[in-house]
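Okay, here's what each chain looks like letter by letter:
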Amino acid sequence: MARMRYLKIWVGGAILSLLLVCGLAAPFLTPYDPQEQRLEHRLRPPSLGGQGFGPHWLGTDNLGRDILSRIIYGSRISLLVGATTVVLAGFMGCFLGALAGYFGDLTDEVISKISEIFLAFPFLLLAIALMAFLGQGLLNLILALMLTRWVQYCRVVRGEVLSLKERDFVVAARALGGRDFYILFRHVVPNTLASVTVIATFAMAIVIIAEASLSFLGLGVPPSIPTWGSMLSEGRSYMYRAPWLTIFPGIAIFVTVFGINLLGDGLRDILDPKLRGQR
Amino acid sequence: MLRRRFIGAIPVLLGISLLVFFLMHIAPGDPISLLLGDDATEAEIQRTRHEWGLDQPILVQYWEFLSHAVRGDFGKSLKFGEPVTKLVFERLPATCELALSSLLVAILISIPIGVYSAIKHDSLLDHAGMGLALVGVSLPNFWLGIMLIYFLGGQFNLFPVAGRIEYGIQLETITRLYLVDSLITGNFPAFWSAVQHLFMPAITLGTSLAAIVTRITRSSILEVMRQDYITTARAKGLSERAVIWRHILRNAMITIITILGLQLGALLNGAVITETVFSFPGIGDLLIQAISVRDYKLAQGLIFFFAFIYFAVNLLVDLLYMLVDPRIKL
């Protein structure tokens, strides 16, 4: 079993690392400029080249753009949105959750009610609503997803802090004259990091699917930036004529999310045995 | 206890209304100018602003919104020219039918795999089942829908790819749930057509839910299997079949049913995307249409409605949970 857990972490980590390298080194790895339109090469099926045109391993789209290059560039947006959202939502949720759990009373009441309001919305729906009113854009997208994801961290951290603040080491820190904020952020919050890491990993997978869904609905980043979701949306119109336009971006999303979920599963088994088997 | 739960729900509902109300006000620029376009005259903009009450102070606007919302009045849709509530209730049965069919798909897939994985835990089949569940949660449902349309709808021509019923089939609507209406009226061609139209959307929406429920089923059963009363049941000499059916499954089902109820949010999330992919005329599809033509009133009403259903169902599940298992205090 232990070997299985480490295998999950290794495989998941390897997939994620490979994607990170692809995203960072995109300009060196891509065979073509992802925005370069060559109408004479439009809707070419996947090929290794020949017949007067270069290799397009995953084919070309309706404007003659290379699908592989666009998928590699698309990984940048997915990973950027995923990582930034998870970190920002994590900070916001952990901060508020820690305050609610540690200070209790009115602070807890107010923060818990706010989190209940956000929890009352199915998260993707709230993101759709926010994007519809905020408008397309990378920052708006990150903001919308962050506002829908902080609650999970808040709830878990609050629960953990509630139990941790009664532990001996916190009582000792208080007896030694430690101030509340010092004790909270120096002694209490670091002890919640194992759970937070597990939530963050799964949240990243959810955020990547959400980003792709919003881009698919035309509510993500502007169409000029290649993303997997918008590629799928554009490819739908040519689904029967050029299925590769929808197959490959979908596989890219699936492999990324699968890798992150695998990593999350492995990390959870090691860091947070209480949550084992849950999702 | 019940009263406390209901009183606690009031500030949350007020918060939901506040958030939905302010969504329209966070839009950059003037929503009326955006809605009417560049060709609108100043007089037209002012008139629409007055009609919508947007020339009033913000607190007055919120009070107006709230006092109408509690009466189920969200104004008129600009695109359809009809009351938002009427449009929602016309489309809601389609979403309910889709959500319930997806739930059925999820139950049929997840419970047998979850139960089997738990009973044979750490076996090759358990790992295969959990691997399958991991694949399920990692599949973006809109992509799965597109692939089903391409392969089952296009290549093999097995199922229709859009709508709720074949064009030309007449169906007398009573509940607007096509499966129910066709059975009530004995219209079997309509029933078969509705089943065919529902098949791919239900698989698309049900798959990710099935993956989540499989994992929860497995973990709930493993949890119950570790309890002392299971050891006692075995020590009494009960057959393994009796232990599984009478003691393990019956106790694990409480958690599984609760989780299924709480997954309604996931179904509502997924319904928006699934309905868009399959042009399925439910409230999710209506929301995307409203957003695409900037029909703010309709979008606002729909978002409030979604949040209200989600909140109400979660509350109901909590209360049912308390009734089923009296040890639980809310």
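Residues numbered from 1 in each chain as written. Chains lettered and ligands numbered in written order. Predicted model: local features only at pLDDT ≥ 70, side-chain atom pairs only at ≥ 80, totals over all residues.

How would you summarise the overall build of chain B if you had to cite specific residues and measurements?
Looking only at helices and strands, chain B features 14 helices and 0 strands. Scanning chain B from its N terminus toward the C terminus, one meets helices and strands in the order α-α-α-α-α-α-α-α-α-α-α-α-α-α. Projecting the C-alpha coordinates of chain B onto the three principal axes gives extents of approximately 85 × 55 × 40 Å. For chain B, with 330 residues in total, the buried portion stands at 38%. A separation threshold of at least 6 residues defines the contact pool for chain B, and within that pool the share at least 24 residues apart is 69%. (Helix = DSSP H or I, 4+ residues; strand = E, 2+ residues; numbered from the N terminus. Buried ≥ 20, exposed ≤ 12 C-beta atoms within 10 Å, placed from the backbone. Contact = placed C-beta atoms within 7 Å.)

Give me the overall build of chain A: which residues, what numbers.
When helices and strands are tallied, chain A shows 11 helices and 0 strands. Reported as C-alpha extents along the three principal axes, the dimensions of chain A are approximately 80 × 45 × 30 Å. For chain A, buried positions account for 51% of its 279 residues. Within chain A, contacts between residues at least 6 apart in sequence are counted, and of these 72% link residues at least 24 apart.

Can you break down the interface of chain B and chain A residue by residue, with the values?
Each side of the interface is counted separately: chain B has 43 residues, and chain A has 39 residues. At the level of elements, helix H1 (2–26), helix H6 (124–138), helix H7 (141–155), helix H9 (188–225), helix H12 (264–277), helix H13 (283–292) and helix H14 (296–324) of chain B are the ones that each hand at least two residues to the side of chain B that touches chain A. Looking at the side of chain B that touches chain A residue by residue, the classes come out as 33 nonpolar, 7 polar and 3 charged. (Nonpolar A, V, L, I, M, F, W, Y, C, P; charged D, E, K, R; others polar.)

Residues and numbers for the nonpolar core, please.
With 166 residues, the main nonpolar core has A:Leu125, A:Ala127, A:Ile128, B:Leu302, B:Ile303 and B:Ala307 as its most contacted residues. For A:Leu125, the residues in contact, after removing those within four places along its chain, are B:Leu268, B:Asn269, B:Val272, B:Ile303 and B:Phe306. (Core = buried A, V, L, I, M, F, W, Y, C linked by C-beta atoms within 7 Å.)

Can you tell me about the confidence of the model for chain B, naming the residues and giving the values?
Counting all residues, the mean pLDDT for chain B is 87, and 95% of those residues have values of 70 or more. Across the predicted assembly, pTM comes out at 0.90 and ipTM at 0.89. (pLDDT = per-residue confidence, 0-100.)

Describe the environment of B:Pro93, and please don't skip the residues or the numbers.
Residues and elements named next belong to chain B. One can find Pro93 in helix H5 (residues 84–119). For the pair Pro93 and Arg71, spaced 22 residues apart in sequence, the C-alpha separation works out to 21 Å. The contact partners of Pro93, leaving out residues within four places of it in the chain, are Thr175, Arg176 and Leu177.

Tell me about the environment of B:Asp318, and please be specific about residues and values.
Residues and elements named next belong to chain B. Examined against the element boundaries, Asp318 turns out to sit in helix H14. Taking the C-beta count within 10 Å as the criterion, Asp318 has 15 such neighbours and is therefore assigned partly exposed. Considering only alpha carbons, one finds Asp318 and Arg5, 313 residues apart in sequence, at a separation of 9.5 Å.

How would you sum up unusual backbone geometry? Please name residues and give values.
The bulk of non-glycine residues show a negative phi, and the bulk of peptide bonds are trans. Residue and element names in this part refer to chain B. For Arg176, which is not a glycine, the phi torsion comes out positive at approximately 70 degrees. Among the secondary structure elements, Arg176 is positioned in the loop between H7 and helix H8 (178–184). The backbone of Ser279 shows a phi angle near 45 degrees, a positive value even though the residue is not glycine. Residue class for Ser279 comes out exposed when judged on the 12 C-beta atoms lying within 10 Å of it.

Quick one: what's the story with the packing of H6(B) against H9(B), residue by residue and with numbers?
Residues and elements named next belong to chain B. Interhelical geometry of H6 versus H9 gives an angle of 140 degrees and a closest axis separation of 8 Å. When the axis of H6 is compared with that of H9, the two are oblique. H6 and H9 meet at a crossing whose hand is left-handed. Of the residues in H9, those touching H6 at Gly129, Ala133, Gly136 and Val137 are Thr207, Ser208, Ala210, Ala211, Ile212, Thr214 and Arg215. (Axes fitted to C-alpha atoms, helices over the stretch in contact; angles between N-to-C directions. Parallel < 35°, antiparallel > 145°, perpendicular 65-115°, else oblique. Left-handed = near helix turned anticlockwise from the far one by under 90°.)

Kindly report on H6(B), identifying the contributing residues and their values.
Across its 15 residues, H6(B) extends 21 Å between first and last C-alpha, which sits within 8% of the 21 Å expected from 1.5 Å per residue. Within the span of H6(B), buried status applies to B:Gly129, B:Met130, B:Ala133, B:Leu134, B:Gly136, B:Val137 and B:Ser138. Taken together, the buried residues of H6(B) touch helix H9 (193–216) and helix H11 (244–271) of chain A together with H5 and H9 of chain B. (Expected span 1.5 Å × (residues − 1).)

Could you give an account of the confidence of the model for chain A, naming the residues involved and the relevant values?
Overall, the predicted model of chain A reaches an average pLDDT of 89, with 95% of residues at or above 70. Here helix H5 (residues 123–134) of chain A stands out as the element of chain A with the lowest mean pLDDT, 87, in contrast to helix H3 (residues 67–103) of chain A, whose mean of 94 is the highest.

How would you sum up the environment of B:Ile244? Please name residues and give values.
Residue and element names in this part refer to chain B. Looking at the secondary structure, you find Ile244 in helix H11 (residues 240–262). Given 20 C-beta atoms within 10 Å, Ile244 falls into the buried group. Linking Ile244 and Pro11, residues 233 residues apart in sequence, is a C-alpha distance of 44 Å. The residues touching Ile244, leaving out its near neighbours within four places in the chain, are Ile119 and Leu249.

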